[in-house]
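As a plain string of letters, each chain reads:
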Amino acid sequence: MSDKVIPILDQRSGQALPKLPAQMLPPTGLLADALGRPLRDLRISVTDRCNFRCSYCMPKQVFDKHYEFLPHSDLLSFEEITRLARVFVAHGVQKLRLTGGEPLLRRHIEALIEMLSEIRTPEGLPLDLTLTTNGSLLARKAASLKAAGLQRVTVSLDGLDDAVFQRMNDVGFPVAEVLAGIEAAQAAGLGPIKVNMVVKCGVNDQEILPMARHFRGSGVTLRFIEYMDVGATNGWRMDEVLPSSEVLARLREEFDLLPLSASVAGETAERWSYDSENAGGQGEIGLISSVTQAFCGDCNRARLSTEGKLYTCLFAHRGHDLRALLRSGASEAELSGAIGLLWGARADRYSQLRASGVSSLGDGERRVEMHYIGG
Ligand code: SF4
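Quick caveat, the model's predicted, so the values are computed rather than measured. (Residues numbered from 1 in each chain as written. Predicted model: local features only at pLDDT ≥ 70, side-chain atom pairs only at ≥ 80, totals over all residues. Heavy atoms only, no water.)

The 12 strands lie next to each other as S7-S8-S9-S6-S5-S4-S3-S2-S1-S10-S11-S12, forming an open sheet whose pairing is mixed. Either end of the sheet is taken by a strand with one partner, and the two such strands are strand S7 (258-260) and strand S12 (320-321). Relative to strand S10 (residues 301-304), strand S1 (residues 41-45) runs parallel, the two sharing four bridges. When the bridges of S10 are listed, Arg43 appears paired with Arg303. Docked against the sheet, helix H1 (residues 78-90) engages S1, strand S2 (95-99), S10 and strand S11 (309-311), running at close to 165° with respect to S1. (Pairing = 2+ DSSP bridges. Helix = DSSP H or I, 4+ residues; strand = E, 2+ residues; numbered from the N terminus. Contact = heavy atoms within 4.5 Å. Axes fitted to C-alpha atoms, helices over the stretch in contact; angles between N-to-C directions.)

The following block contains the structure:
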């Protein structure tokens, strides 16, 4: 296992102020980027802090006690997040995912969820309002999140064996508490619940079958994520990636699996059902293969960083400062115009290029850290 990590380069400052269009046109909800991809999914990072130090995201050697997290005054307020979310929804966003860092560390997050749950699409429909968490605080918060208007959660869990899981989260956090959080979320009705497991070859791949056995028939959808070269600090190496094709082969040694079609456009997971007969009783698994089977072709995801920068790709090296626009007194039309211009010019396809051996990074450019823009 590589323990080489790379010191962080602070990318959180010196970003360009978004341009405004010459003519302010009202949003149509049909915005498409330069590759014809619509804007459907907004991921909102509500904090850059986390109580875990997962080696593939926030390696402890870098994010140590000297690391300076963003001061609260830099974070977007709940009112600012909600105002921006309304503009994104007018442009076509139908799903909001709250992320971090660990979003449940953001105080009073239920108040934000209540504000976001009131937003409707131009057709008057409610949004798909979800949240990704490491589960550490879920047992305590599941009921209040549901009461505030959250619909469902995705929980990260990288193994059932305590020693393996603690090696991945690097803070000695026990599996039992995350499982208790998942149970509490089920009891609160925060479903369908998804569990994401990042597979790192030689570290936790032996947990693939135990995790599948545990969640099969539980109503929880388990997804296996290929270890990605996100950010610039996790020392990523291709030989630590276990291709999804290998994960599938291991699962098929024990389970009859049936392919399922995507449930929504732009879905990142390849879906498989446990039931070769009636497709559904025992639930399903998903494979998220950003490294070996890039899915940039229909990527409809935008990301808002903790202090209001728009990133148009998980592997982007720079963002666009919407907070500066917000705090400069910009009108809704100006915010909408700026977002329309930025998305319209978007041509990101990092994973596709990686797969063909091409780097979309220029000299000295480094990918933004995942804990800052959410996975
Ligand atoms: S690499 Fe970027 S463009 Fe491709 S799927 Fe991921 S976020 Fe979308």
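All right, on to the pairing of S2 then. Here is the key point about a regular strand: its side chains alternate between the two faces of the sheet. Most of S2 sits out of view: five of its five residues are buried. Side chains Lys95, Arg97 and Thr99 of S2 all project onto a buried face; the interleaved residues Leu96 and Leu98 project onto the opposite face, where all are buried too. The pairing of S1 with S2 spans five bridges and is classified as parallel. Bridge pairing links Leu42 to Leu96 in S2. (Buried < 20%, exposed > 50% of the residue type's maximum accessible area, 1.4 Å probe, protein only.)

Viewed as axis vectors pointing N to C, H1 and helix H9 (residues 332-344) meet at an angle of 60°, and their least axial separation amounts to 10 Å. On the basis of their axis angle, the class for H1 and H9 is oblique. The interaxial crossing formed by H1 with H9 has right-handed handedness. Here Arg83, Leu84, Val87 and Phe88 of H1 lie close against H9, whose contacting residues are Glu332, Leu335, Ser336 and Ile339. Looking at the contact of H1 with H9 residue by residue, the classes come out as five nonpolar, one polar and two charged. (Parallel < 35°, antiparallel > 145°, perpendicular 65-115°, else oblique. Left-handed = near helix turned anticlockwise from the far one by under 90°. Nonpolar A, V, L, I, M, F, W, Y, C, P; charged D, E, K, R; others polar.)

This part takes up the site of the ligand. Contacts to the ligand come from 13 residues, most closely from Cys296, Cys299, Cys313, Leu314 and Ser351. Every element with two or more residues in the shell around the ligand is listed here: S10 and helix H10 (350-355). Here the residues of the shell around the ligand are counted per class, giving seven nonpolar, one polar and five charged. (Near = heavy atom within 4 Å.)

The next point concerns the nonpolar core. Of all hydrophobic cores here, the largest spans 109 residues; its most connected members are Phe224 and Leu251. Counting residues per element, this core draws most heavily on H1, which supplies seven residues. Setting aside chain neighbours within four positions, we find Leu251 in contact with Ile208, Leu209, Ala212, Phe224, Leu257 and Ile285. (Core = buried A, V, L, I, M, F, W, Y, C linked by side-chain atoms within 4.5 Å.)

Summary statistics for the protein chain give a mean pLDDT of 92 and a share of 94% for residues scoring 70 or more. A low-confidence stretch, residues 1-9 (pLDDT under 50), is modelled with 25 contacts involving residues beyond four sequence positions or located in other chains. (pLDDT = per-residue confidence, 0-100.)

What follows concerns the pattern of salt bridges. According to the stated counting rule, one finds 17 salt bridges in the structure shown. One salt bridge connects Arg346 with Asp33, and the closest N-O pair in it is separated by 3.0 Å. Linking Arg346 in the loop between H9 and H10 with Asp33 in the segment before S1, this pair joins segments that are 313 residues apart in sequence. For the pair shown, Arg346 and Asp33 are each scored as buried. Residue Lys309 pairs with Glu307 through a salt bridge whose shortest N-O separation is 3.0 Å. The pair formed by Lys309 and Glu307 is uniform in burial state, with each residue classed as buried. Salt bridges sharing partners connect three or more residues here, namely Asp33, Arg37, Arg346 and Asp348. (Salt bridge = Lys/Arg side-chain N within 4 Å of Asp/Glu carboxyl O.)

As a further point, take the environment of Leu310. Looking at where Leu310 falls in the secondary structure, it is placed in strand S11. Here the alpha-carbon distance between Leu310 and Cys57, two residues 253 residues apart in the chain, equals 20 Å. Beyond its immediate chain neighbours, meaning those up to four positions away, Leu310 contacts Phe88, Ala302, Arg303, Leu304, Gly319, His320, Leu322 and Leu342.

Residues Gly100 and Gly101 are joined by a peptide bond in cis, for which omega reads 15°. Position of Gly101 among the secondary structure elements: in the loop between S2 and helix H2 (109-117). Across the junction of Gly191 and Pro192, the peptide omega takes the value -5°, indicating a cis bond. Structurally, the position occupied by Pro192 is in the loop between helix H5 (175-188) and strand S5 (194-199). Even without being glycine, His108 reaches a positive phi, approximately 60°. Looking at the element boundaries, His108 is found in the loop between S2 and H2. With phi around 60°, Asp170 is a residue other than glycine that occupies positive phi space.

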